[in-house]
Amino acid sequence: MKVFITRQVPPVIKQAFTDQGFQTAEWTERRNLTPEELIRYAKESDGLFSVGSNRIDRSFLQECRHLKVIALCSVGYDRVDVPAATELGIPIGNTPGVLSKTTADTAFLLMQNVARKALHMHKEILRGNWDFFDPMANLGVELTGKTLGIYGLGRIGFELAKSCRLAFDMPVIYHNRGRNEQAEKELGARRVSFDELLRQSDILSVHANLSDETREVFNRDTFSKMKSSAIFINTARGQLHREDDLRQAIETGTIWGAGLDVTNPEPSASDNPLLDMPTVAVLPHIGSATVETRMKMMQLTVANIIAGLRDEKLPHCVNPEVYLR
Ligand code: DGY
């Protein structure tokens, strides 16, 4: 049986398949596959190892219904039509858990960068603007004791809340559909309405999945309810915020600034005005990008693929209902 891998991966990852008697084929071009190419290569394979932003929609799934498994090398699965995969009997794997701390660390890094305008200061030195010491220039804001608000408190939000409590003694509020009892018990987190989250957060960090309900939920209207000193952090999906509205909110002083690891659209254009704003820090979707975490994600993806090819349950399955059919 054969596995198609949609990016170049380290040899040790391919070796893990060959050791088990499976063949691999790998996409080596430095561009995304077109939908037609993805179908063509998937048709020649039994398992799909999907890295990057491949759209696994109903038409792909119908064309490739022979696939025994599709394993995403990501925790997010917003580009997959999960109900269609379930209907067609295809298990979808993902990589939860292993990237939570690393992604939370990226949100923490962005929060500090924005509070102290760190990326902007670096650019100012490059522009030759480090002249004399002015005690009232280059001022940031303190984080100690400020309120951290989390939109979508799951594993990643929990890790961020833990770091913020330890490092800056920050009280934590959150907005979720259900309660997060662990966060309430261990971190003293308090569940609030969405409106309260907007109004009370000094730092508002987004960790929700992208869905029809959450798409562009951070927009002109919601930014207008936030504190003028608030920092907005998004390490989840760019489409959770409306980027023009965010830019305007910062330009007009509706909020203080933003730290983004994800943009809307993505990738961000190099002339995106946000990139030149002093209280904005933007990263190119590197939330989980450490050597250690990426290896763990690939290893989980391998485990999911091998289980699927052997007709066993995936260790990390997004649509376990597929096994009830
Ligand atoms: C994830 O794991 O979902 C990351 O955002 C990478 O896409």
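Draft legend 1. Representation of the state of the cysteines. One pass over the structure, following the stated rule, counts 0 disulfides. Residue Cys73 stays outside any disulfide, its sulfur separated by 16 Å from that of Cys317, the closest cysteine.

Draft legend 2. Local environment of the environment of Leu197. Summarising the element assignment, Leu197 is placed in helix H9 (residues 194-200). Along the primary structure Leu197 and Ala25 are separated by 172 residues, whereas in three dimensions their C-alpha atoms are 47 Å apart. Contacts of Leu197, omitting those with residues within four sequence positions, involve Gly149, Ile150, Tyr151, Ile173, Tyr174, His175, Val192 and Leu204.

Draft legend 3. Just the sheet that holds strand E12 (residues 280-282), in detail. Overall, parallel pairing links the 7 strands, which are arranged E8-E7-E6-E9-E10-E11-E12 in an open sheet. Looking at which strands have only one partner, the edges of the open sheet turn out to be strand E8 (190-191) and E12. Across the sheet, helix H5 (residues 100-115) is in contact with strand E9 (203-206), strand E10 (231-234), strand E11 (257-260) and E12; its angle to E10 comes to roughly 150 degrees. Contacting strand E6 (148-151), strand E7 (172-175) and E9, helix H7 (residues 155-168) runs over the sheet at an angle of about 175 degrees to E6.

Draft legend 4. Here's a closer look at the packing of helix H1 (residues 11-18) against helix H12 (residues 291-309). At a minimum axis distance of 10 Å, the contact between H1 and H12 shows a crossing angle of 20 degrees. The orientation of H1 relative to H12 falls into the category roughly parallel. Considering only the axes of H1 and H12, their crossing is right-handed. Side by side, H1 and H12 meet where Val12, Ile13, Ala16 and Phe17 of the first sit next to Met295, Met298, Gln299, Val302, Ile305 and Ile306 of the second. Residue composition of the contact of H1 with H12, grouped by class: 9 nonpolar, 1 polar and no charged.

Draft legend 5. Local environment of the packing of aromatic side chains. One pass over the structure, following the stated rule, counts 10 aromatic pairs. Summarising the aromatic geometry, the rings of Phe4 and Tyr41 are spaced 4.9 Å apart at their centres and angled 10 degrees between planes, so their arrangement reads as stacked. Linking Phe4 in strand E1 (residues 2-5) with Tyr41 in helix H2 (residues 35-43), this pair joins segments that are 37 residues apart in sequence. Judged by relative accessible area, which is 1%, Phe4 ranks as buried. Centre to centre, the rings of Trp27 and Tyr41 are 5.8 Å apart; their planes meet at 65 degrees, and the pair counts as edge-to-face. Pair noted here: Trp27 is in the loop between strand E2 (23-26) and H2 and Tyr41 is in helix H2, with a separation of 14 residues, a long-range link. According to the relative accessible area criterion, Trp27 is buried, its value standing at 6%. Taken together, the ring pairs connect Tyr151, Phe194, Phe218, Phe223 and Phe232 into an aromatic cluster.

Draft legend 6. Here's a closer look at the site of the ligand. By nearness alone, every residue bordering the ligand is listed as Ser74, Val75, Gly76, Leu99, Arg237 and His285. Between an oxygen atom of the ligand and a side-chain N or O atom of Arg237, the distance comes to 2.8 Å. For the ligand, an oxygen atom lies 2.8 Å from a polar atom in the side chain of His285. In the complex, the protein chains occlude 78% of the 230 Å² of accessible area that the ligand would expose alone. Of the residues assigned to the shell around the ligand, the class counts are 2 nonpolar, 3 polar and 1 charged.

Draft legend 7. The arrangement of the sheet that holds strand E5 (residues 92-93) in detail. Taking strand neighbours across the sheet as the criterion, the 5 strands line up as E2-E1-E3-E4-E5 in an open arrangement whose pairing is parallel. At either end of the open sheet lies a strand with only one pairing partner, and these are E2 and E5. Relative to strand E4 (residues 69-72), strand E3 (residues 47-50) is paired through 4 bridges, and the arrangement is parallel. When the bridges of E4 are listed, Leu48 appears paired with Ile70. Relative to the sheet, H12 contacts E1, E3, E4 and E5, its axis offset from that of E4 by approximately 175 degrees.

Draft legend 8. Quick look at the packing of H5 against H7. One way to put it is that H5 packs onto H7 with a least axis distance of 8 Å and a crossing angle of 50 degrees. Between H5 and H7, the angle is such that the two are oblique. Along this stretch, H5 crosses H7, giving a crossing that reads as right-handed. Residue-level inspection shows Ser100, Lys101, Thr103, Ala104, Ala107, Phe108, Met111 and Gln112 of H5 in contact with H7, the latter providing Arg155, Ile156, Glu159, Leu160, Ser163, Cys164, Ala167 and Phe168. Partitioning the contact of H5 with H7 into residue classes produces 9 nonpolar, 4 polar and 3 charged.

What counts, and at which threshold
Residues numbered from 1 in each chain as written. Predicted model: local features only at pLDDT ≥ 70, side-chain atom pairs only at ≥ 80, totals over all residues. Heavy atoms only, no water. Disulfide = S-S within 2.5 Å. Helix = DSSP H or I, 4+ residues; strand = E, 2+ residues; numbered from the N terminus. Contact = heavy atoms within 4.5 Å. Pairing = 2+ DSSP bridges. Axes fitted to C-alpha atoms, helices over the stretch in contact; angles between N-to-C directions. Parallel < 35°, antiparallel > 145°, perpendicular 65-115°, else oblique. Left-handed = near helix turned anticlockwise from the far one by under 90°. Nonpolar A, V, L, I, M, F, W, Y, C, P; charged D, E, K, R; others polar. Phe/Tyr/Trp six-rings, centres within 6.5 Å; stacked < 30°, edge-to-face > 60°. Buried < 20%, exposed > 50% of the residue type's maximum accessible area, 1.4 Å probe, protein only. Near = heavy atom within 4 Å. Polar contact = N/O pair within 3.5 Å; in protein donor to acceptor, adjacent residues only side chain to side chain. Areas by Shrake-Rupley, 256 points an atom, 1.4 Å probe, with all protein chains shown as cover.

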